[in-house]
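# Structural characterization, general
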Amino acid sequence: MRFVDHDTGRDRRNEIVAVRRVTPGIARITLAGADLHDFRDNGTDQHVAVLFFDDDVIVPDPFTTESVMRMRPFVRPRMRRYTIRRFDPATRTLDIDAVVHGDGGPGVAWAASACVGDRVLWWGPTNAWRPHADTRHVIAVGDETALPAIDALVRETPESVEITVVVEVASPADACYLDEVAGRCRIRIVQRAAPPGTGSPDLMTALRELPMPDGPVDVWGAGEYRTVQGLRRLFHGDHGLDRQRAFLVTYWTHGQAQDERAERRDAATTGRNRQRYPERAREFLRTR
Ligand SMILES: Cc1cc2nc3c(=O)[nH]c(=O)nc-3n(C[C@H](O)[C@H](O)[C@H](O)COP(=O)(O)OP(=O)(O)OC[C@H]3O[C@@H](n4cnc5c(N)ncnc54)[C@H](O)[C@@H]3O)c2cc1C
């Protein structure tokens, strides 16, 4: 594994120029804006942190990493991470594909109610994963949140490398997300039967049945915390791949908001609790 980092991430303001459901459970939010003129595409699993401010918070102007970090903890924005599914250099637009899950949170509230014309504040992009130069086979594993990265990874992996994709989805309708890249890789879809947060037993069975290819192999995987723990046991433990060869990342944790620990820490230091999941600062984003 190696990382590509053409662009030092920075804070950006963009406008939503299109919103549509690409599958029943995934919303595509397309962003554009003048400050994408210098955007350098790192590809694959590069991601951004979208910022959500409470309604009554005055957003610092100028809006920079430094000015946000100077805000008192209980008024700082919440951050949710999303993969850049694709950047189009011709139109200078980028797509974020967000899972519209049913458990609430500022990220899903944003994804479910996004409108053309809304402003979006975000930091990024991060660097991105690439397979090793000697790799003959890539195995990509994940759930719905990993689909944007898997789609990009399949498109960007050299033709000489074989790709196997194993994804776990709650609804088969969401599996059609990968239709455009289906000709380029072998895809195994596993329908989630067990409740989330229980380690994806059906996905693990499918992966144990998968013959490990001959020759150098890279594994990329992302999903729910306990599933990723299982992936680590399988690929690092049973198959003996090191962390460079099997890159496995937690994208979300069942029953826990993404910044919950940081918020608890902030509440402990400031003595103030912020209300969970307030509406975003819609007025600010519309009028600034
Ligand atoms: C590097 C990285 C890249 C990511 N890329 C994407 C992406 O491209 N698209 C995408 O949709 N997500 C992506 N995620 C996952 C996303 O950041 C989390 O799902 C995040 O928790 C969503 O925030 P929220 O405000 O909706 O929920 P939170 O406030 O974080 O959580 C509230 C509740 O919702 C539950 N929850 C959170 N996410 C899910 C889910 N997917 N399914 C079911 N329940 C959930 C939590 O367990 C919690 O109980 C990525 C995460 C990382 C770390």
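Residues numbered from 1 in each chain as written. Predicted model: local features only at pLDDT ≥ 70, side-chain atom pairs only at ≥ 80, totals over all residues. Heavy atoms only, no water.

Right, let's get into the nonpolar core. Counting residues in each nonpolar core, the largest one holds 21 residues, and the members touching the most others are Ile 150, Val 154, Val 165, Leu 178 and Trp 220. Secondary-structure elements contributing two or more residues to this core are β9 (137–142), α3 (147–156), β10 (162–169) and β12 (217–224). Top contributing element to this core by residue count: α3, with 5 residues. Aside from chain neighbours lying at most four places away, what touches Val 154 is Ile 163, Val 165, Val 181, Arg 184 and Cys 185. Core analysis: the next-biggest nonpolar cluster, separate from the first, contains 19 residues, Leu 31, Leu 94, Ala 111 and Val 120 among them. (Core = buried A, V, L, I, M, F, W, Y, C linked by side-chain atoms within 4.5 Å. Buried < 20%, exposed > 50% of the residue type's maximum accessible area, 1.4 Å probe, protein only. Helix = DSSP H or I, 4+ residues; strand = E, 2+ residues; numbered from the N terminus. Contact = heavy atoms within 4.5 Å.)

Next up on the list: unusual backbone geometry. Cis geometry is adopted by the peptide bond preceding Pro 125, which originates at Gly 124 and carries an omega value of 0 degrees. Its place among the elements puts Pro 125 in the loop between β7 (119–124) and β8 (128–130). Even without glycine at this site, Ser 200 takes up a positive phi of about 50 degrees. On the secondary structure map, Ser 200 appears in the loop between β11 (186–191) and α5 (201–209). Take Ser 200: its relative accessible area is 8%, and that puts it in the buried class.

Take helix α6 (residues 225–238) next. A rise of 1.5 Å per residue sets the reference length of α6, with its 14 residues, at 20 Å; its end C-alpha atoms lie 19 Å apart and thus fit the reference within 8%. Buried-residue contacts for α6 involve β9, α5, β12 and β13 (246–252). Of the residues flanking the start of α6, the one acting as N-cap is Glu 224, its side-chain oxygen 2.8 Å from the backbone nitrogen of Arg 226. Looking one or two places after α6, you find Gly 240, whose phi comes out positive at around 70 degrees. (Expected span 1.5 Å × (residues − 1). Polar contact = N/O pair within 3.5 Å; in protein donor to acceptor, adjacent residues only side chain to side chain.)

As a further point, take the pairing of β9. Burial analysis of β9 places 6 of its 6 residues in the buried class, the great majority of the element. Both faces of β9 are covered, namely the face carrying His 137, Ile 139 and Val 141 and the face carrying Val 138, Ala 140 and Gly 142. Note that β9 and β12 share 6 bridges and pair parallel. Its bridge partner lying in β12, Gly 142 is registered against Ala 222. (Pairing = 2+ DSSP bridges.)

In this section: the sheet that holds strand β5 (residues 78–88). Strand order in this closed barrel of 6 strands is β2-β3-β6-β5-β4-β7, and the pairing throughout is antiparallel. If you compare each strand with its neighbour and ignore which way they point, the axes differ by 45 degrees on average. This element, helix α2 (residues 106–113), spans β2 (10–23), β3 (26–32), β4 (47–52), β5, β6 (93–99) and β7 of the sheet and lies at about 45 degrees to β5. The strands that α3 touches are β3, β5 and β6; relative to β5, the one it contacts most, it runs at about 30 degrees. (Axes fitted to C-alpha atoms, helices over the stretch in contact; angles between N-to-C directions.)

On average, residues of the chain carry a pLDDT of 87, and 88% of them reach 70 or more. Segment residues 1–8: pLDDT under 50, and 30 contacts once partners within four positions in sequence are set aside and those in other chains are kept. (pLDDT = per-residue confidence, 0-100.)

Now for the environment of Leu 121. By secondary structure assignment, the location of Leu 121 is in strand β7. In this structure the C-alpha to C-alpha distance between Leu 121 and Ala 49, which are 72 residues apart in sequence, comes to 8.6 Å.

Not every one of the 27 residues close to the ligand is listed here, only the nearest: Arg 81, Val 99, Gly 107, Thr 253 and Gln 258. One of the backbone N or O atoms of Val 99 is found 2.7 Å from an oxygen atom in the ligand. Between the ligand and Gln 258, the relevant distance is 2.7 Å, taken from an oxygen atom to a side-chain nitrogen or oxygen of the residue. Notes on the ligand: free accessible area 910 Å², of which the protein chains cover 92%. Of all the secondary-structure elements, those providing two or more residues to the shell around the ligand are β5, β6, α2 and β13. Of the residues forming the shell around the ligand, the biggest block, 4 residues, is contributed by β5. (Near = heavy atom within 4 Å. Areas by Shrake-Rupley, 256 points an atom, 1.4 Å probe, with all protein chains shown as cover.)

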